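# Chains, contacts and geometry: an overview
Chain by chain, the residues run as shown.
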Amino acid sequence: MRRLIFFGGAGFLLLFVLSFAKPASAASSTMYTWTPSKLYKTASGAAYSGNMNSGTAVTVYSKSGKRYKVKTGGKTGYIYAYNLTSSKVKKEDYFGSKIYKQAAGGPYVASVPAGKMMYIKMEATKNGMYLAHVIGTGYSGYVDKTHFIKPVVKYTWMPSKLYTSATGNSYKKTIKDGQKVSVFNGSHGRYQVKAGSSSGYIYANNLTGTLAKKTVYVSSKLYTTSSHTKYTAVIRPNKQVYVKESTQNMSHVCVVGTAQSGWIYTSHFTKPAPAAGGTTSTPKATAGTSQTGSSTAGGTTTGTATGSTSGSASSITGAAAATSGTTATTTTGNTGSGSASATGNTGSGSASATTATGNTGSGSASATTATGKTGSSSASGTTATSNTGSGSASGTTATSNTGSGSVSGTAATGSTGAAAASATTAKGLDVSHYQTLTQSSFNLMKRQGYSFVILKATEGTGYTDSKFYTYYKYARNAGLSVHAYHMIGNSTTDPAQHIAEAKHFYQVLAQTKASTGYAFTGYAFEDIEPTGTNSMTTTWWANAAPACAGYFLNEMQALGQAKVGIYAGYFNWNSYLEGHTDTWPGNTKIWLARYNTTLGTNADVWQYTETGTIDGITGHFDLDISYDPDF
């Protein structure tokens, strides 16, 4: 009896336990929908009870055919096994991708932009592609796995072709230097990149991790390697470059806005200390020469001064007589003597109709105040201050000059060591279509003391600057002296090329009157400098440059343009052109660029900066100083 009861108790317990145990077929695990899925009512039927979004967790019990029995959110049903994955993997597409039907590529179902989030079915890839679903859409398929790797930001330090593949020569476009690109992966020496909305492949050597933009302050040879044994071009001072890398004392650079690249000395990025005044040069003085001359006031010869320049062109010794009633000159702070009719100079002279006050020595004065002078002076209607020595002058203002020379009819300010003060400085600038200017711009230039402008007119045998005639008219309207320049288009040694370029330049200048109402009356310069297209080499500079310039200049004069000139960088002038101008017209003007505190040689015009500014006008300008009265 007890056994029966015990058995009955044990049987009850066993039945109780079994009633709460899961059936063998109901062993469960958690899985996720990686793509939107239907919850079917049966394992094989088409009827379904609802749709589930991608990324939904489900409890999976068993598999029947191609479907799993699942439970989600209190509902039970069946989902295709293909739609489930064991882990929930969510990735961002950084590149923007095509969703392909097959892992081998070929037809695709959609194209999605960068930044889309996707669920990945499994971490394993097939042919380098993930099976993925674009969240929030109906798009599922294969996507390049590299598109899910966060890109590295790099920059083009030189112009770069955007190739269509990692190999081959077909390319979509050229990406400018200084552009930011997103780099995804690399093969065959090229990176897969996105530049703005464009994608493709760029050579790894054309990209840099950091973009350093620097200014080259001195004329710099562009060497092919860091061993600086061979160079292909010369960079003008004040040009800006992108620096890719530096090693020892050399930097790998590309000239901004061009395809010119190579190595230059790193020290050339150091800005020279500015000289006092900052805008005047120190032309060479003439030592050991004598100067004899006379000046005329009101049509009368007032005196003759004869003296010699010793060493640094200072302290000419001599005397001159001044005639009363003539037009005298204001000369200030001069050391030595020249031909100048002034008041209050040390030396001798006569004065009438001048008032002299506080002078040591003798003199008469009427209608003029001369104060604090030593010696005697001659003056007529003029104030002269702190001059040492004597001389005659007519109609001229000379200020703060050291040295000596004859002064006649010009104003010289702030020059040191000038052999002749009549070679005065005048402010100017050169512009092209790169500057956006109006009539008001040129009026402002004139009001701020600029007296001349040099405009780009032509290049090669067919190009005419789009703003030449417009700016010519504006400049002449403003009262500026206007000149023009032609950019050399080809460095061939064939004379026919340079003659053809001269003819093109001349024809454009000849149309100035018809296009603007003003005839062209200025100087016509040939600009000889390397560009991205004219293929200048060291050999050409050394062996052909002077002769080629001669072909051009002589053709211009033969056509009827009497006023001609050459523009060059200081280095190229000093290295290849100076001293080899015997085939050029004798009246050729020299316009040199040297972005430095001094020019350091003789020239008619000095372009001293490429980053000058003018109050009231936006942008940077090439600024110039002329020593020639024709400007």
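Reading the values: rules and limits
Residues numbered from 1 in each chain as written. Predicted model: local features only at pLDDT ≥ 70, side-chain atom pairs only at ≥ 80, totals over all residues. Heavy atoms only, no water. Helix = DSSP H or I, 4+ residues; strand = E, 2+ residues; numbered from the N terminus. Contact = heavy atoms within 4.5 Å. Areas by Shrake-Rupley, 256 points an atom, 1.4 Å probe, with all protein chains shown as cover. Core = buried A, V, L, I, M, F, W, Y, C linked by side-chain atoms within 4.5 Å. Buried < 20%, exposed > 50% of the residue type's maximum accessible area, 1.4 Å probe, protein only. 1 Å grid on protein atoms, 1.4 Å probe; cavity = no way out; pocket = protein on both sides within 12 Å on 5 of 7 lines; lining within 4 Å. Points joined across faces, edges and corners; volume = space filled by probe spheres on them. Nonpolar A, V, L, I, M, F, W, Y, C, P; charged D, E, K, R; others polar. Phe/Tyr/Trp six-rings, centres within 6.5 Å; stacked < 30°, edge-to-face > 60°. Lys NZ or Arg CZ within 6 Å of the ring centre and 35° of its normal. Pairing = 2+ DSSP bridges. Expected span 1.5 Å × (residues − 1). Arc of directions from axis to C-beta. Polar contact = N/O pair within 3.5 Å; in protein donor to acceptor, adjacent residues only side chain to side chain. pLDDT = per-residue confidence, 0-100. Salt bridge = Lys/Arg side-chain N within 4 Å of Asp/Glu carboxyl O.

All right, on to the overall build of the chain then. Each helix and strand in the chain was counted, giving eight helices and 42 strands. For the chain, the share of sequence-separated contacts (at least 6 apart) that also reach a separation of at least 24 residues comes to 59%. Accessible surface, the chain: about 29600 Å² in total, of which carbon and sulfur atoms supply 51%.

Judged by nonpolar contacts, the single largest core of 60 residues is most densely connected at Leu429, Phe442, Met445, Val453, Leu509 and Trp540. Residue contacts for Phe442: discarding those within four places in its chain leaves Leu437, Val453, Tyr471, Tyr474, Ala475, Ala478 and Leu480. Counting residues in each nonpolar core, the second largest holds 12 residues, with Ile454, Tyr485, Tyr523 and Phe525 among its members.

Counted as a void, the largest pocket has a volume near 1200 Å³. Secondary-structure elements contributing two or more residues to the lining of the largest pocket are β23 (231–235), β24 (239–247), β34 (426–431), β35 (450–459), β37 (481–487), β41 (605–614) and β42 (617–626). Sorting elements by how many residues they give to the lining of the largest pocket places β42 first, with five residues. The residue makeup of the lining of the largest pocket, split by class, is 13 nonpolar, 17 polar and 10 charged.

Enumeration according to the criterion identifies 29 aromatic pairs in this entry. Ring geometry for Tyr471 versus Tyr474: centroids 6.4 Å apart, planes at 35°, classification tilted. Remark: Tyr474 and Tyr471 occur in helix α3 (residues 468–477); sequence separation between them is three residues, near one turn of the helix. Accessibility expressed as a relative area gives 24% for Tyr474, which makes it partly exposed. Taking the centre distance of 6.2 Å and the plane angle of 80° together, the rings of Phe571 and Tyr576 count as edge-to-face. The structure contains a cluster of three or more aromatic residues connected by ring pairs, namely Phe452, Tyr485, Tyr523, Phe525, Tyr567, Trp591 and Phe631. The aromatic ring of Tyr80 is capped on one face by Arg67, whose charged end is 4.8 Å from the ring centroid. Directly above the aromatic system of Tyr108 lies the positively charged group of Lys98, at a separation of 5.3 Å from the ring centroid.

What follows concerns the pairing of strand β17 (residues 180–187). Summarising the sheet, strand β14 (residues 152–156) and β17 pair through four bridges and their orientation is antiparallel. Residue Val152 lies in a different strand from β17, and its bridge partner there is Val183. Direction of pairing for β17 relative to strand β18 (residues 190–195): antiparallel, over a ladder of five bridges. By the bridge assignment for β18, Gly186 is matched with Tyr191. Counting the residues that bridge the hairpin from β17 to β18 gives two residues, and of these His188 lies at a positive phi of roughly 55°.

A rise of 1.5 Å per residue sets the reference length of helix α4 (residues 495–510), with its 16 residues, at 22 Å; its end C-alpha atoms lie 22 Å apart and thus fit the reference within 8%. Of the residues making up α4, those classed as buried are His498, Glu501, Ala502, His504, Phe505, Val508 and Leu509. Around the axis of α4, the buried residues are gathered within 160° of arc, so they sit on the same side. Put simply, Asp494 is the residue that caps the front of α4, since its side-chain oxygen is 3.1 Å from the backbone nitrogen of Ala496.

Looking at the chain, pLDDT values average 76 and 72% of them are 70 or higher. The low-confidence segment residues 1–25 (pLDDT under 50) makes three contacts with residues lying over four places distant or belonging to another chain. Here residues 275–423 is modelled with pLDDT under 50, and outside its nearest four sequence neighbours on either side it reaches 315 contacts, counting other chains as well.

Here we come to the pattern of salt bridges. Close approach of charged atoms lets side chains of opposite charge pair. Per the stated rule, a full pass over the model turns up four salt bridges. Here Glu529 and Arg236 are joined by a salt bridge, their closest N and O atoms 2.7 Å apart. One end of the pair, Glu529, is in the loop between β38 (524–527) and α6 (538–543); the other, Arg236, is in the loop between β23 and β24, with 293 residues separating them in the sequence. Given the relative accessible area of 6%, Glu529 is considered buried. A salt bridge links Lys239 to Glu610; its shortest N-O distance comes to 3.6 Å. Of this pair, Lys239 sits in strand β24 while Glu610 sits in strand β41; the two residues are 371 residues apart in sequence, bridging distant segments of the chain. For Lys239, a relative accessible area of 25% puts it in the partly exposed group. Taking relative accessible area as the criterion, Glu610 reaches 17% and is therefore assigned buried.

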